[in-house]
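One letter stands for each residue in the lines below.
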Amino acid sequence: MMKMTRHALLAGAILLASCAVLAAPKSKSKPGGALPRYGMLVYSDLCIHPDSGEFGGQRITLQRFAEVDTVLYEYTAGGLSWPAVASDVTIDPRGQQFYFTVAPPDEDERTINARVVDNGKAIVLDGGYCGDESVPMRLPLVTDYGRKAGACRACPAPKIKQEKEEQKPLLDSGSTTTAGL
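Fair warning: this is a prediction, and the values are worked out from it, not measured in the lab.

**Q** Just checking my understanding: could you explain the pattern of salt bridges for this structure?
**A** Should their charged atoms come close, side chains of opposite charge can pair. Under the definition given, this model contains five salt bridges. Note that Asp69 and Arg37 form a salt bridge whose closest N and O atoms lie 3.3 Å from each other. With a gap of 32 residues between them, Asp69 in strand β5 (residues 69-77) and Arg37 in the loop between α1 (2-23) and β1 (39-44) connect regions that are remote in the sequence. According to the relative accessible area criterion, Asp69 is buried, its value standing at 16%. By relative accessible area, Arg37 is classed as partly exposed at 35%. Taking the shortest distance from any N to any O, the salt bridge between Asp118 and Arg138 comes out at 2.0 Å. Placement of Asp118 in the loop between β10 (110-117) and β11 (122-125) and of Arg138 in strand β12 (residues 137-140) is noted, with a sequence separation of 20 residues between them. Exposure remark for Asp118: the relative accessible area of 46% places this residue in the partly exposed category. Residue Arg138 is classed as partly exposed on the basis of its relative accessible area of 43%. It is possible to trace a salt-bridge network through shared partners that takes in Arg37, Arg64 and Asp69.

**Q** Sorry, what's going on with the nonpolar core here?
**A** Within soluble globular proteins, side chains that are nonpolar tend to cluster in buried spots. Membership of the largest hydrophobic core comes to 21 residues, with the highest contact counts inside it found for Leu35, Ile60, Phe98, Phe100, Ile123 and Leu125. Within the residue set of this core, elements represented by two or more residues are β1, β4 (58-64), β5, β9 (97-102), β10, β11 and β12.

**Q** Any chance you could explain the state of the cysteines here in plain terms?
**A** Should the sulfur atoms of two cysteines be covalently bonded, the bond is a disulfide. By the definition in use, this model includes one disulfide. Residue Cys47 pairs covalently with Cys152 via a disulfide, S to S 1.9 Å. The sign of the S-S torsion, about 95°, decides the handedness of the disulfide formed by Cys47 and Cys152: right-handed. One end of the pair, Cys47, is in strand β2 (residues 47-48); the other, Cys152, is in the segment after β12, with 105 residues separating them in the sequence. Cys47 gets classed as buried once you look at its relative accessible area, which sits at 14%.

**Q** Would you mind going over the packing of aromatic side chains with me for this structure?
**A** Centre distance and the angle of the planes are the two values used to describe a pair of aromatic rings. Tallying each qualifying case throughout the model produces three aromatic pairs. A ring pair is formed by Tyr73 and Tyr75, whose centres lie 5.7 Å apart and whose planes are at 20°; its orientation type is stacked. Since its relative accessible area comes to 10%, Tyr75 is described here as buried. Taking 6.1 Å as the distance between ring centres and 20° as the angle between the ring planes, the aromatic pair formed by Phe98 and Phe100 counts as stacked. Each of the two residues, Phe98 as well as Phe100, counts as buried. Grouping aromatic residues by their ring pairs yields a cluster made of Tyr73, Tyr75, Phe98 and Phe100. Between Arg37 and the ring centre of Tyr38, over which it is positioned, the NZ or CZ distance is 5.0 Å.

The rules we used
- Every residue gets a number counted from 1 within its own chain, in the order that chain's sequence is written.
- The predicted origin of the model limits local features to residues at a pLDDT of at least 70 and limits the giving and counting of side-chain atom pairs to 80 or more, whereas totals for whole chains, interfaces and linings rest on all residues.
- Note: side-chain values were computed over all heavy atoms of the structure, leaving out hydrogens and water.
- A pairing counts as a salt bridge when a side-chain nitrogen of Lys or Arg comes within 4 Å of a carboxyl oxygen of Asp or Glu.
- Runs of H or I in DSSP of at least four residues are treated as helices and runs of E of at least two as strands, each being numbered from the N terminus.
- Exposed residues in this analysis have more than 50% of their type's maximum accessible area, buried residues have under 20%, and partly exposed residues fall in between, with area computed by a 1.4 Å probe over protein chains only.
- Think of a nonpolar core as a cluster: buried Ala, Val, Leu, Ile, Met, Phe, Trp, Tyr and Cys residues, connected wherever their side-chain atoms sit within 4.5 Å.
- Here, a disulfide means two cysteine sulfur atoms that sit within 2.5 Å of each other.
- Within 6.5 Å between ring centres, the rings of Phe, Tyr and Trp (the latter by its six-membered ring) count as paired, and their orientation is classed by plane angle as stacked under 30 degrees, edge-to-face over 60, tilted in between.
- Two limits define a charge over a ring: the Lys NZ or Arg CZ must be within 6 Å of the ring centre, and within 35 degrees of the ring normal.

In short, shape yes, function no, at least from these values alone.
Okay, here's the thing in C-alpha cells:
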C-alpha cells in the first residue's frame, strides 16, 4: 500500500511539473525586434520650438487588432495637424517593417515606409530628415504618455561635398643635388 502511494505521489508531481512547463508564457521577443501582433504603439519625435512655442515633428499611432491594423498619422505644419487616418496599412508578417498611405489635407497622397529598430523601441522612416536624404527620420516608442514634449533641436549643418582636387604630379622642390656635375 505504501509503495503504491509513493508511485502515485511521484506520478502526480511529474504531471504537475509538466503542466506548469506547458502553461508557462512563451517568450515574446523575436530575433531582431518586431512589432507585437496585438495592441497599440505610439512612435513620436514631437517637440516644441523654443522660439515660437509650436510643435515640430511627427507622431504615428499603430493599432493592431485581430481583424485589421490601423494607423493614425500626425505631423506638424506650423501647428499640430489633424490626425490623418491611413489607408492600405501593410505590416510585414515578421513585424519588422510596415507601410501605409496617407492623404493629408491640401497635400498629395503619399506612402510612408517604417522599419522597426532596437527591438521595437523605435522606427526609422524612409526619406530625409532636415532636408538631407542621408539622415533618417527616427521616431522613438512613447512609453511615458504624461511627459512634456522636449525642446526641438536645430537641424545639423548641411554637409558640403568637396570636389576632389585634380591629381597633380608631385614636384620635389626640396632636392638640392644636381645630377652629372
